[in-house]
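# Summary of structural features
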Amino acid sequence: MMDSFTKNDSLTLELYQDQASLTDHGPRNFTFPILGLFGEVGSLLSEVKKQQRDTIAYIGYADNVLDELGDVLWYLTAIASRAEISIADIAYATLQNHHDCYDAAPLNFPFIELQSQPPLFSPTPTPAFEITLMRLASAVGALINDQQQRELENDRDVLFRHLVRVLGILVQAAEEAGVTLDKAAERNLQKIFDRWPKERKYPAPYDNDFPEHEQLPRKLVIEIFECPAKVEGKSYVMQRCNGVYIGDHLTDNVMTPDDYRFHDVFHYAYTAVLGWSPVTRALFRLKRKSDGRIDEAEDGARAILVEEGIATFIFGQAKKTRFFEGLKPGDMSFDLLKSIRKFVAGCEVENRPFWLWEEAILQGYAAFRFLKEHRCGAIHIDMHQNRVMIESLST
């Protein structure tokens, strides 16, 4: 997922700052990363609250704490970068506050930990961890207060002292949680390049090594059009490919019509962009029966339900945003993409990067908006170009 950093590299603070700055796409005002820092500390506190409230019913506490620590570190680094302050200099000052001496060589993340060996991760927040998080929130609050009183980007000495204090408390929080900032930083880089890669390299379809008659269609045109139903005031959608009608007659299946009857375009977008769609396989009878395990686990009823569930879930979110009209690559809600990743956990598509999911969704909804307006269209699946396109249907 990451472009120029791998786990085999020695992750220095300088390297982390360089890599993190590549994904700083937020508004260029200085307040933005400060507010982001405060928000991520709030999210970290929220993880503690959820674990305390739900105990064993709350799944993912350990991973979420590691993610949130990495996000806090990212915003701290973004603030430093925008002020042209080295995060390594901040770490050196943090070390001076906790050690009598330190090595001035380039810092790797493990060297800024306060303990030589952190304790095991605690499945429940300790009182010390909770207190430290409150101190962290207080330190960030003081930073925000100072930003309101003066423009900290023009007072680097004061800003530097704030960042040293925040980093010191963040390191302590990581120690008390039983994790290390190097792990949080590695996870953070993996996530941000999964979302905002420097170079978009499209993965091969999952069925590349299967017989051609079991492969998803590499190029295909499907005609989609609306027909009146026998019930007055209703209509349904039909599809035709190479002169043959395919699939069922689709209606919205909802009390208030919302044109979900055109939703198969989402499955075609998953096919073209992700190289994955159990629904399309079922529709065109392309299940991978030469491998019984794949046929059952990845192409069977459960996989179809997962894909239909994803399409329905995203549609519910899309209705609130004019079906993603005007969104460009990189604009889609990160929380939505992370929810999709959780939804497909255990499926072969779980390793597709966030940016690729975003492309599939945006292309699918561009076609959907066309169908909403014109009520018919010709869908072009092109897996070679990772594109799904739509044009007016010839009559």
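What you see is a predicted model, and the numbers here were worked out from it, not measured in a lab.

The strand order across the open sheet formed by five strands is β3-β2-β1-β4-β5, and the pairing between neighbours is antiparallel. Each end of this open sheet is capped by a strand with a single partner; those strands are β3 (244-250) and β5 (387-391). Across this sheet, the average inter-strand angle for adjacent strands is 25°, counted without regard to direction. In the packing of helix α8 (residues 264-274) onto the sheet, contacts are made with β1 (219-228), β2 (235-241), β3, β4 (376-382) and β5, and the angle to β4 comes to roughly 20°.

A separate point is the nonpolar core. With 59 residues, the main nonpolar core has Y16, L159 and L167 as its most contacted residues. For this core, the elements supplying multiple residues, two or more each, are α1 (13-21), α2 (31-54), α3 (61-82), α4 (87-98), α5 (127-149), α6 (156-177) and α7 (181-195). With 53 residues, the next largest nonpolar core counts V265, I310, V344 and A360 among its residues.

To continue, consider unusual backbone geometry. With a phi close to 55°, N242 is a non-glycine residue in the positive phi region. Of note, the phi angle at R285 is positive, near 55°, even though the residue is not glycine. Turning to its location among the elements, R285 is positioned in the loop between α9 (278-284) and α10 (292-297).

To continue, consider the packing of α2 against α5. Viewed as axis vectors pointing N to C, α2 and α5 meet at an angle of 160°, and their least axial separation amounts to 10 Å. On the basis of their axis angle, the class for α2 and α5 is roughly antiparallel. With respect to the hand of their crossing, α2 and α5 are arranged in left-handed fashion. Touching T31, I34, L37, F38, V41, L44, L45, V48 and Q52 of α2 are F129, E130, L133, M134, L136, A137, V140, G141, L143, I144 and Q147, all from α5. For the contact of α2 with α5, the class distribution of residues is 15 nonpolar, four polar and one charged.

This brings us to α3. Working note: α-helix, 3.6 residues per turn, so residues spaced by three or four point in the same direction. Its 22 residues give α3 an end-to-end C-alpha distance of 32 Å, which sits within 8% of 32 Å, the value for a rise of 1.5 Å per residue. Among the 22 residues in α3, 19 count as buried, and that is most of the element. Just downstream of α3 lies E84, where phi reads positive at about 60°.

Moving on, we get to α6. Compared with an ideal rise of 1.5 Å per residue, which puts 22 residues at 32 Å, α6 spans 31 Å between its outermost C-alpha atoms and is within 8% of the ideal. G178, located one to two residues past α6, shows a positive phi value of around 85°.

As a further point, take the packing of aromatic side chains. Under the criterion given, the structure shown has 20 aromatic pairs. Look at F225 and Y245: their rings are 6.2 Å apart centre to centre, the planes differ by 75°, and that puts the pair in the edge-to-face class. Remark: Y245 occurs in strand β3 and F225 occurs in strand β1; sequence separation between them is 20 residues. By relative accessible area, which is 47% here, Y245 ends up partly exposed. With 4.8 Å between their ring centres and 70° between their planes, Y260 and F315 make a pair best called edge-to-face. Within this pair, whereas Y260 is found in the loop between β3 and α8, its partner F315 is found in helix α11 (residues 301-318), the two being separated by 55 residues in sequence. Comparing Y260 with F315 shows no difference in burial state: the two are buried. An aromatic cluster of at least three residues, connected via ring pairs, comprises Y260, F266, F315, F323, F324, Y365 and F368. Just above the ring of F354 sits the side chain of R341; from NZ or CZ to the centre is 4.0 Å.

Attention now goes to the pattern of salt bridges. The full count for this structure, using the stated rule, is 28 salt bridges. In this structure, D295 and K289 form a salt bridge, with 3.7 Å as the shortest nitrogen-oxygen distance. On the accessibility criterion, D295 (14% relative accessible area) is buried. Among the ionic contacts, a cluster of salt bridges with common partners joins D207, R218, R281, R288, D299 and E348.

With that settled, the discussion passes to the environment of K219. Considering the arrangement of structural elements, one finds K219 in strand β1. Here K219 falls in the exposed class, since its relative accessible area comes to 57%. Ignoring sequence-local partners within four residues, the contact set of K219 consists of I381, D382 and H384.

This paragraph deals with the pairing of β2. Every other side chain in a regular strand lies on the same face of the sheet, so the side chains alternate between the two faces. Along β2, six of the seven residues are buried, which leaves the element largely enclosed by surrounding structure. Of the strand pairs in this sheet, β1 and β2 are connected by six bridges, and their pairing is antiparallel. Paired with F225 across the strands is M238, a residue of β2. When β2 meets β3, the two strands line up antiparallel, connected through four bridges. Paired with C241 across the two strands is V244, which belongs to β3.

Cut-offs and rules
Residue numbers run consecutively from 1 along every chain, following the written order of its sequence. Local features in this predicted model are restricted to residues of pLDDT 70 or higher, and side-chain atom pairs are both shown and tallied only at a pLDDT of 80 or more, whereas totals for entire chains, interfaces and linings draw on every residue. Calculation of side-chain values draws on the structure's entire complement of heavy atoms; hydrogens and water are dropped beforehand. A pair of strands is considered paired only if DSSP assigns at least 2 bridges between the two. Secondary structure elements follow DSSP: runs of H or I no shorter than four residues count as helices, runs of E no shorter than two count as strands, and numbering proceeds from the N terminus. Fitted lines through C-alpha atoms serve as axes, helices being fitted only where they are in contact, and the angles separating the N-to-C directions of these axes extend from 0 to 180 degrees. What makes two residues a contact is simply this: any of their non-hydrogen atoms within 4.5 Å. In this description, a nonpolar core means a group of buried Ala, Val, Leu, Ile, Met, Phe, Trp, Tyr and Cys residues linked to one another through side-chain atoms lying within 4.5 Å. Only protein chains enter the calculation, and the probe is 1.4 Å; a residue is then buried if its accessible area is under 20% of its type maximum, exposed if over 50%, and partly exposed in between. In what follows, roughly perpendicular refers to angles from 65 to 115 degrees, roughly parallel to angles under 35, roughly antiparallel to angles over 145, and oblique to any angle outside these ranges. By convention, the crossing between two helices is left-handed when the near helix turns anticlockwise from the far helix through less than a right angle, and right-handed when the turn is clockwise. Think of it as three bins: nonpolar holds Ala, Val, Leu, Ile, Met, Phe, Trp, Tyr, Cys and Pro, charged holds Asp, Glu, Lys and Arg, and polar takes everything else, Gly as well. Each residue after the first adds 1.5 Å to the expected span of a helix. Two rings from Phe, Tyr or Trp (for Trp, the six-membered ring) form a pair when their centres are within 6.5 Å of each other. A pair whose planes differ by under 30 degrees is stacked, one over 60 is edge-to-face, and the rest are tilted. Whether a charge lies above a ring is judged from NZ of Lys or CZ of Arg, which has to be within 6 Å of the ring centre and within 35 degrees of the ring normal. Between Lys or Arg on one side and Asp or Glu on the other, a salt bridge is scored when a side-chain nitrogen of the former is within 4 Å of a carboxyl oxygen of the latter.

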